[in-house]
Amino acid sequence: MAGTGESILVTGAAGFIGSNHVQYLCESRPDARIVALDALTYAGNMENLAGLEENNRFRFVKADIRNADALTALFEEESFSLVVHFAAESHVDRSIMGPEVFVDVNVRGTLVLLELARKHKIARFCQIGTDEVYGSLGPEGRFTEQSPIQPNSPYSASKAAADHLVRAYHHTFGLDTVITRCSNNYGPYQFPEKLIPLMILNCVEGKPLPVYGDGKNVRDWIHVRDHCTAVDAACRKGRAGEVYNIGSDNEWANIDIVKRIASLVESKTGKPRGACEALISYVTDRPGHDRRYAMDSLKLRHETGWMPAYDFDRGLADTVDWYLVNESWWRRIISGEYRDYYDKWYGDR
Ligand code: NAD
Ligand code: DAU
């Protein structure tokens, strides 16, 4: 499908995965023009794209995906061959505190983009979805692309609705679409509201490590770079109208991840053994907390030849190093709007 010499729109490009994807595309697609769009919400950060402004194939556009006028002007100015749609409200806990913006951005924003992609006959639209649309698993089995859609949080319900619109635009209007659904990502530039960076930073700062419920909820972790290569494989080689699960067969109970992070931070910062683990604090569970996710990604692997490359031990240790080295990046975040959210959510638990 998409080859070199093309023009790619990446939405949500200043967020965690979007910025990693833009970096990846700039490295791996020397002939492609990359247009990075982001509204720069609390989660978007231009520092995540630092250095790319030197690249004359790269352009950043500050715009809201719900703003049809701004996006129409952009689609008229550029000739996109591929849209990779990451922009979203992404944090489950925030969707519990305030669901409206999730529906507005994740559903209505996706609709605006689909309409423009259709009108401009974009060669391919890639919707970045999530494993959370499948709901929760018991102790056995994995989600396949045939698993029923059973979202349990306002966040996952809004992502499921967006996926359904993408499907509808393929079936009704013949838009060439692929939907990817990935498991939990970790790696550099992840906003510190999410489990792994939150625990690293709280270890460094000697703050409590808030573990929801009994800590035995299971997530299937993948390095963000493996997610990027998987999305690229789906964009290049995936079949139109298809859904592709992405995962790297790496399930962990939350409490075990937290203990590993505690031990890594202790050894890397010279804190006494056990000092960080002693900060673990079991707190009131997240309402509607999905028990277990696990992805079967054989379809993508068989059809495109994609394989994850990261070893989790190495990837987690590198991620801890990244946050230790990039303290000024996260200090600027935790001193801003994020502090109010943190006090409100964790203050009540
Ligand atoms: P993130 O919150 O770090 O980044 C989201 C980005 O979207 C931010 O830069 C934000 O400014 C931007 N954005 C939000 N509203 C916007 C709007 N109205 N217009 C334009 N830009 C807007 O999220 P992330 O973790 O990087 O997730 C990116 C995508 O990947 C999301 O669609 C998410 O559902 C999906 N996903 C995430 C994971 C994960 O583990 N983080 C796993 C699977 C899928
Ligand atoms: O599975 C993919 C999804 O992963 C993405 O679609 C979402 O955008 C992304 O935010 C992520 O959702 P989760 O809810 O799984 O991620 P989070 O980092 O918020 O939480 C991971 C697990 O850790 C979950 O079981 C809840 C638990 N947790 C989280 C936080 C923030 C805690 O125990 N304590 C915490 O303070």
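Higher on the page you've got the structure.
Quick caveat: nothing in here was measured; it's all calculated off a predicted structure. (Residues numbered from 1 in each chain as written. Chains lettered and ligands numbered in written order. Predicted model: local features only at pLDDT ≥ 70, side-chain atom pairs only at ≥ 80, totals over all residues. Heavy atoms only, no water.)

1. Things to note about the site of ligand 1
The environment of ligand 1 is formed by 29 residues, the closest being Ile 17, Asp 38, Ser 90, Tyr 155 and Lys 159. One of the side-chain nitrogen or oxygen atoms of Thr 41 is found 2.9 Å away from an oxygen atom of ligand 1. Between Ile 65 and ligand 1, the recorded distance is 2.9 Å, taken from a backbone N or O atom to a nitrogen atom. Relative to its free-state accessible area of 830 Å², ligand 1 is covered by the protein chains to the extent of 97%. Listing elements by their share of the shell around ligand 1, those giving two or more residues are α1 (16–28), β5 (124–130), α5 (154–173) and β7 (184–186). Here the element with the most residues in the shell around ligand 1 is β5; it accounts for three residues. A per-class count over the shell around ligand 1 returns 15 nonpolar, ten polar and four charged. (Near = heavy atom within 4 Å. Polar contact = N/O pair within 3.5 Å; in protein donor to acceptor, adjacent residues only side chain to side chain. Areas by Shrake-Rupley, 256 points an atom, 1.4 Å probe, with all protein chains shown as cover. Helix = DSSP H or I, 4+ residues; strand = E, 2+ residues; numbered from the N terminus. Nonpolar A, V, L, I, M, F, W, Y, C, P; charged D, E, K, R; others polar.)

2. Focus on the packing of aromatic side chains
Two descriptors summarise a pair of aromatic rings, namely the distance from one centre to the other and the angle between the planes of the rings. With the rule as written, the count across this model stands at 17 aromatic pairs. Aromatic side chains Phe 102 and Tyr 155 sit 6.4 Å apart centroid to centroid with 85 degrees between the ring planes, which places their arrangement in the edge-to-face category. Placement of Phe 102 in helix α4 (residues 100–119) and of Tyr 155 in helix α5 is noted, with a sequence separation of 53 residues between them. Among the residues examined, Phe 102 registers a relative accessible area of 1% and is labelled buried. Relative to Phe 312, the ring of Trp 252 lies with its centre 5.4 Å away and its plane at 35 degrees, an arrangement referred to as tilted. Of this pair, Trp 252 sits in strand β11 (residues 251–253) while Phe 312 sits in helix α10 (residues 312–325); the two residues are 60 residues apart in sequence, bridging distant segments of the chain. Here the aromatic residues Tyr 42, Phe 191, Tyr 338, Tyr 341, Tyr 342 and Tyr 346 are joined through ring pairs into a cluster of three or more. Across the ring face of Tyr 341, the terminal group of Arg 94 is positioned such that the distance to the ring centre comes to 4.0 Å. Looking at Arg 118, its charged tip hangs above the ring of Phe 173, at a distance of 4.2 Å from the centre. (Phe/Tyr/Trp six-rings, centres within 6.5 Å; stacked < 30°, edge-to-face > 60°. Buried < 20%, exposed > 50% of the residue type's maximum accessible area, 1.4 Å probe, protein only. Lys NZ or Arg CZ within 6 Å of the ring centre and 35° of its normal.)

3. Describing the side chain of Arg 219
Among the structural elements, Arg 219 can be located in strand β9 (residues 218–223). Here Arg 219 sits buried without a salt bridge, and the closest side chain of opposite charge, Glu 132, lies 5.0 Å off (N-O distance). Among the polar contacts listed, one links the side chain of Arg 219 to the backbone oxygen of Asp 290, at a separation of 3.2 Å. Setting aside residues up to four positions removed in sequence, Arg 219 forms contacts with Asn 184, Asn 250, Glu 251, Trp 252, Asn 254, Arg 286, His 289, Asp 290, Arg 291, Arg 292 and Tyr 293. (Lys, Arg positive; Asp, Glu negative; His and termini not counted. Salt bridge = Lys/Arg side-chain N within 4 Å of Asp/Glu carboxyl O. Contact = heavy atoms within 4.5 Å.)

4. Observations regarding the pairing of strand β4 (residues 82–85)
Residues Leu 82 and Val 84 point to one face of β4 and Val 83 and His 85 to the other, with burial holding for every one of them. Note that strand β1 (residues 7–11) and β4 share four bridges and pair parallel. Looking at β4, one finds that Thr 11 is bridged to His 85. Where β4 meets β5, four bridges bridge the pair, whose relative direction is parallel. (Pairing = 2+ DSSP bridges.)

5. As for the environment of Pro 139
Take Pro 139: it is sitting in the loop between β5 and α5. Its relative accessible area of 75% is what places Pro 139 among the exposed residues. With 97 residues separating them in the primary sequence, Pro 139 and Tyr 42 have C-alpha atoms 36 Å apart.

6. Examining the site of ligand 2
Within the structure, ligand 2 sits among 25 residues, and Asp 131, Tyr 155, Arg 286, His 289 and Tyr 346 are positioned closest to it. Calculation on ligand 2 without its partners gives an accessible area of 690 Å², and the protein chains cover 95% of this total. Elements with a contribution of two residues or more to the shell around ligand 2: α3 (92–97), α6 (195–205) and β8 (209–212). If you tally residues by element for the shell around ligand 2, the top one is β8, at three residues. Across the shell around ligand 2, the residue classes tally to ten nonpolar, eight polar and seven charged.

7. Examining the nonpolar core
Residues Ile 196, Ile 200, Cys 203, Ile 261, Val 265, Tyr 323 and Tyr 338 are the most contacted members of the largest nonpolar core, which totals 39 residues. At the level of elements, α6, β8, β9, α8 (254–269), β12 (280–283), α10, α11 (327–334) and α12 (337–347) are the ones that each hand at least two residues to this core. For this core, the element with the most residues is α8, which contributes seven residues. Ile 200 has contacts with Ile 261, Val 265, Thr 319, Val 320 and Tyr 323, leaving out every residue within four places of it along the chain. Ala 36, Phe 58, Ile 128 and Ile 246 belong to the second-largest nonpolar core, a separate cluster that totals 34 residues. (Core = buried A, V, L, I, M, F, W, Y, C linked by side-chain atoms within 4.5 Å.)

8. Considerations on α8
Along an α-helix, residues three or four apart share an orientation, since each turn contains 3.6 residues. Given a rise of 1.5 Å per residue, 16 residues ought to cover 22 Å, and the 22 Å separating the end C-alpha atoms of α8 matches this to within 8%. Residues of α8 that are buried include every one of Asn 254, Ile 255, Ile 257, Val 258, Ile 261, Ala 262, Leu 264, Val 265 and Glu 266, and no others. Against α6, β8, β9, β11, β12 and α10 lie the buried residues of α8. Downstream of α8 by one or two residues, Gly 270 has phi in the positive range, about 75 degrees. (Expected span 1.5 Å × (residues − 1).)

9. Thoughts on unusual backbone geometry
Of note in the backbone geometry, Lys 121 takes a positive phi value of approximately 50 degrees without being a glycine. Under the relative-accessibility criterion, Lys 121 is labelled exposed at 71%. The backbone of Asp 249 shows a phi angle near 50 degrees, a positive value even though the residue is not glycine. Along the polypeptide, Asp 249 turns up in the loop between β10 (242–246) and β11.

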